[in-house]
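Residues per chain, in single letters:
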Amino acid sequence: MLTILALAIALGLALNIGANNAGVHMAPAFGAGARGRWSSLILFAIFAAVGALTLGRKVTETVGKGLFTASLDTHPWLFLVVAPVITVVLLSVSNYLRQPVPTTLVAICSLLGVGMAYGILNRSKVLLMLVWWVVTPFATLAVTWLAGKILNRKWPHLLAANA
């Protein structure tokens, strides 16, 4: 029974996270006609696999040990069943409504909610993570704006509509 439950949760997470992330990351290239449907999906799958293989262990360690003051082993059902089910439900609803949401945000916030309910959050790590979640988009916007200005000044033909 536990194996069937784990497989159902894993399948739900895989389908929803894959659909959500592939749509968010590949929509601009597909919508602009720069990539076809299959090449977009294949590129996304390749880079998602590379990211998971190279950085997945570090992320798992940070989430598993850094965000909580107690071991996840103390409440395994909550962290292995409840939080993933919450994540699957929220992502399923957002995918059904065609509203992309950051899957990391949904997954981590589901875990944080369970950790908050049991009072085992490492507040300093959570605060640091939240600060980076706010700072990163603005830093990315600034770098992208600056790169656009430099490209437009030095090589305007690269940004021309008919390039």
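Remember, predicted model here, so these are calculated numbers, not experimental data. Here the residue index of a chain counts from 1 through its sequence in written order. The model is predicted, so local features are restricted to residues of pLDDT at least 70 and side-chain atom pairs to those at 80 or more, both for listing and for counting; the totals for chains, interfaces and linings are taken over all residues. Processing note: side-chain calculations cover all non-hydrogen atoms of the structure and skip hydrogens and water entirely.

Here we look at the layout of surface pockets
- The calculated volume of the largest pocket comes to roughly 1400 Å³.
- Strands here mean DSSP runs of E at least two residues long; helices mean DSSP runs of H or I at least four residues long; both are numbered from the N terminus. For the lining of the largest pocket, the secondary structure elements donating two or more residues are helix 1 (2–31), helix 2 (37–66), helix 4 (103–117) and helix 5 (123–154).
- Per-element tally for the lining of the largest pocket: the top contributor is helix 2, with 14 residues.
- The residue classification treats Ala, Val, Leu, Ile, Met, Phe, Trp, Tyr, Cys and Pro as nonpolar and Asp, Glu, Lys and Arg as charged. All others, Gly included, are polar. Looking at the lining of the largest pocket residue by residue, the class counts come to 22 nonpolar, ten polar and two charged. We place a 1 Å grid over just the protein atoms. Points where a 1.4 Å probe fits but has no way out form a cavity, open points with protein on both sides within 12 Å along at least 5 of 7 lines form a pocket, and any residue with an atom within 4 Å of a point lines it. Grid points are joined across faces, edges and corners, and a volume is the space filled by probe spheres set on the points.

Here we look at a nonpolar patch on the surface
- Only residues above 30% relative accessible area that lack a salt bridge enter a patch, with like-charged residues linked at up to 9 Å and the nonpolar side chains Val, Leu, Ile, Met, Phe, Trp and Tyr linked at up to 5 Å. Reported accessibility uses the Shrake-Rupley method at a 1.4 Å probe radius. Residues are deemed covered only where the shown protein chains occlude them. Between Lys or Arg on one side and Asp or Glu on the other, a salt bridge is scored when a side-chain nitrogen of the former is within 4 Å of a carboxyl oxygen of the latter. On the surface, Trp38, Leu41, Ile42, Ile46, Phe47 and Val50 cluster together into a nonpolar patch covering about 660 Å² of accessible area.
- Mapping Ile42 onto the fold places it in helix 2.
- Judged by relative accessible area, which is 48%, Ile42 ranks as partly exposed. Categorising residues by exposure relies on relative accessible area from a 1.4 Å probe, with only protein chains included: less than 20% of the type maximum marks a residue as buried, more than 50% marks it as exposed, and the intermediate range marks it as partly exposed.

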